[in-house]
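# Structural overview
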Amino acid sequence: MDAHLTGMAGSFRGAFTRGPLVAVLGMAALLGGCSGSEEKAGDFEGPYGSELRAAYESASDPAVRAVLEDGRITRAEYDAALQRFVACAADRGVTVTLEEAYGLYTFSTVGDATEVLDACSPHVETIAALYGRMLTNPDNRDMDEVVVECLRRAEVVSRDYTAETWVADRDAGTQPFSMDAPAVIRCLMNPQAEG
Amino acid sequence: MRLRAFVSSLALAGASVALVAPVAHADGCTGQGYGYTNSTYSVSYSPGCNTQARIDRYYGGVVHQYYGSWGSTSYVYNANGYNAGNYFRLGPSAWMRI
């Protein structure tokens, strides 16, 4: 089954318990099981429907439009977009090394590659950013609320710690926990991932 | 940089926060963003933006650039070498050092 993210909300907690590879595989399976394969193509419905439609309508890259035209982004399409990005950079002499973390790709280069990556980003950023948002915040809610709920589940903060408190603490640097703690990193990178 | 945003910085408890003015003109962003950084990590967040965090580290005689995933919230971490700068991506070709 081809896992995909659409505008439809879905829950896939519990998929991240045995390392990044298992996490991604579990996430893909769970996503595929709850994201409505019977949904008609191009509906642009659900929490991200308007964003998907806007991205599709504004995209000038045919490859990006082809991905978005059915109103969803599959895991395979996300992977392919990152591979196009890597190939684009390679064509310009820059090696991009991808690394998966909590279901998303981070990457690195050796040497200053800013100009090349900026040139190659239009081929991937729309797809990658929307996929990342739908993965980490499937209901398109206030992200601070989503992060704090994750911090509560991880028992990093108490039940009465609120999103408003988090925003104030974050902006003042007064949060009552280490930003280097693995659970905090996970909640910032992907609040849907289980510890 | 194509964009220049108002920035204020705080330095508390070994970390710093850069509050970024609304960047709705950049790429469909919907609200105020922020960057958060210390010597080993960089976080950027702008609601609705294709933002990214970036951290540059020197080791082996060259700079290594690490980029977080694209999305509203982006986080990147690396402890190799020594810090050469943390960045918050505001939009296409627009990076702000934080």
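What counts as what
- Residues numbered from 1 in each chain as written.
- Chains lettered and ligands numbered in written order.
- Predicted model: local features only at pLDDT ≥ 70, side-chain atom pairs only at ≥ 80, totals over all residues.
- Heavy atoms only, no water.
- Contact = heavy atoms within 4.5 Å.
- Buried area = accessible area lost by both parts, 1.4 Å probe.
- Salt bridge = Lys/Arg side-chain N within 4 Å of Asp/Glu carboxyl O.
- Polar contact = N/O pair within 3.5 Å; in protein donor to acceptor, adjacent residues only side chain to side chain.
- Buried < 20%, exposed > 50% of the residue type's maximum accessible area, 1.4 Å probe, protein only.
- Helix = DSSP H or I, 4+ residues; strand = E, 2+ residues; numbered from the N terminus.
- Pairing = 2+ DSSP bridges.
- Axes fitted to C-alpha atoms, helices over the stretch in contact; angles between N-to-C directions.
- Parallel < 35°, antiparallel > 145°, perpendicular 65-115°, else oblique.
- Nonpolar A, V, L, I, M, F, W, Y, C, P; charged D, E, K, R; others polar.
- pLDDT = per-residue confidence, 0-100.

Taken together, the contacts link 36 residues of chain A with 34 residues of chain B. Of the roughly 2,900 Å² buried at the junction of chain A and chain B (both faces included), carbon and sulfur atoms supply 57%. Viewed at the interface, chain B and chain A are joined by one salt bridge. Where Arg89 of chain B meets Glu125 of chain A, a salt bridge forms, and the shortest distance between an N and an O atom there is 2.3 Å. On inspection of chain A and its partner chain B, the count reaches nine residue pairs in polar contact (both at pLDDT 80 or more).

On to the pairing of strand β8 (residues 82-91) of chain B. Residues and elements named next belong to chain B. A large share of β8 lies buried, amounting to eight of its 10 residues. Inspection of the sheet shows strand β5 (residues 53-59) paired to β8 by six bridges, in the antiparallel sense. If you follow Ala53 over to β8, its bridge partner there is Phe88. Summarising the sheet, β8 and strand β9 (residues 94-97) pair through four bridges and their orientation is antiparallel. Within the sheet, the bridge partner assigned to Arg89 lies in β9 and is Trp95. In this antiparallel pair of consecutive strands, β8 and β9, the connection spans two residues, and Ser93 shows a positive phi of 60 degrees.

All right, on to the packing of helix α2 (residues 49-58) of chain A against helix α6 (residues 125-136) of chain A then. Residue and element names in this part refer to chain A. At a closest axis distance of 11 Å, the pairing of α2 and α6 adopts a crossing angle of 175 degrees. With respect to their mutual orientation, α2 and α6 come out roughly antiparallel. Across the interface between the two elements, Glu51, Leu52 and Ala55 from α2 touch Thr126, Leu130, Arg133 and Met134 from α6. For the contact of α2 with α6, the class distribution of residues is four nonpolar, one polar and two charged.

Let us look at the environment of Tyr66 of chain B. Assignment of secondary structure puts Tyr66 of chain B in strand β6 (residues 62-67). With relative accessibility at 10%, the residue Tyr66 of chain B sits in the buried group. C-alpha of Tyr66 of chain B to C-alpha of Tyr41 of chain B: the two residues are 25 residues apart in sequence and 9.7 Å apart in space. Each residue touching Tyr66 of chain B, except ones within four places of it in the same chain, is listed here: Phe107 and Ser108 of chain A together with Ala53, Arg54, Ile55, Arg57, Tyr59, Val76, Asn78 and Asn80 of chain B. Looking at Tyr66 of chain B, its side chain comes within polar contact range of the side chain of Tyr59 of chain B, at 2.9 Å.

Okay, the confidence of the model for chain B next. All names here are of chain B. Across chain B, the average pLDDT comes to 73, with 67% of residues at or above 70. When mean pLDDT is taken per element in chain B, β6 scores highest with 95 and strand β1 (residues 7-12) scores lowest with 32. Confidence drops under a pLDDT of 50 for residues 21-26, and excluding neighbours within four residues, the segment shows 15 contacts in the predicted structure. Across the interfaces of the predicted complex, the ipTM metric reaches 0.77, alongside a pTM of 0.79.

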